Amino acid sequence: MNIKVNDKEMQVADGLKLAQLLAQLQVPEKGTAVAINDTLAKKDTWAERQLLPGDNVLIISAAYGG
């Protein structure tokens, strides 16, 4: 199925969970926020949140430094 991740089209397996996507992309849990279709996804739902065709996933990672 096709989804968008940070405005880029991506093909993923049907039934993929958000936590699985983040693991595939090697996105660290700490310091990361995720929105799906403009709605914040709480971290405690990542393992259960199934992605659907056409979902728009926005991943924001905190940057450290000065």
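This text follows the structure it describes.
Caption draft 1: The arrangement of the pairing of strand 5 (residues 56-61) in detail. The pairing of strand 1 (residues 2-5) with strand 5 spans two bridges and is classified as parallel. Bridge pairing in strand 5 places Val-5 opposite Val-57.

Caption draft 2: Quick peek at the nonpolar core. Counting residues in hydrophobic clusters, the biggest one holds 16 residues, and the most contacted among them are Leu-18, Leu-21, Val-34, Leu-51 and Val-57. Contributing elements (two or more residues each) for this core: strand 1, helix 1 (18-24), strand 3 (32-36) and strand 5. For this core, the element with the most residues is helix 1, which contributes three residues. When sequence neighbours within four positions are dropped, the list of residues in contact with Val-34 reads Leu-18, Leu-22, Thr-39, Leu-40, Ala-41, Trp-46, Val-57, Leu-58 and Ile-59.

Caption draft 3: The sheet that holds strand 3, seen in detail. Here five strands make up an open sheet; going across it, the order is 2-1-5-3-4 and the pairing mixed. Edge positions in the sheet fall to strand 2 (8-11) and strand 4 (39-41), since each of these pairs with one other strand and no more. Neighbour-to-neighbour, the strand axes of this sheet turn through a mean angle of 35°, independent of strand direction. Across four bridges, strand 1 lies against strand 2 in antiparallel orientation. Residue pairing for strand 2: Lys-4 is matched across the bridge by Glu-9.

Procedures and definitions
- Throughout this description, residue numbers start from 1 for each chain and increase along the sequence as written.
- Per-residue local features of the predicted model are confined to residues with pLDDT of at least 70, and side-chain atom pairs are confined, for both listing and counting, to 80 or more; whole-chain, interface and lining totals are unaffected and use all residues.
- Only hydrogens and water are set aside when side-chain values are computed; all heavy atoms of the structure are taken into account.
- Following DSSP output, two strands are said to pair if at least two bridges run between them.
- Secondary structure elements are defined from DSSP: runs of H or I of at least 4 residues count as helices, runs of E of at least 2 residues count as strands, and each element is numbered from the N terminus.
- As used in this record, nonpolar core signifies buried Ala, Val, Leu, Ile, Met, Phe, Trp, Tyr and Cys residues forming a set joined through side-chain atoms within 4.5 Å.
- The cut-offs for exposure are 20% and 50% of the maximum accessible area for each residue type, with area from a 1.4 Å probe on protein chains only; residues under the lower value are buried, those over the upper are exposed, and the others partly exposed.
- The contact criterion used throughout is that any non-hydrogen atoms of two residues lie within 4.5 Å.
- Angles run from 0 to 180 degrees between N-to-C directions of axes, and those axes are lines fitted to C-alpha atoms, restricted for helices to the stretch in contact.

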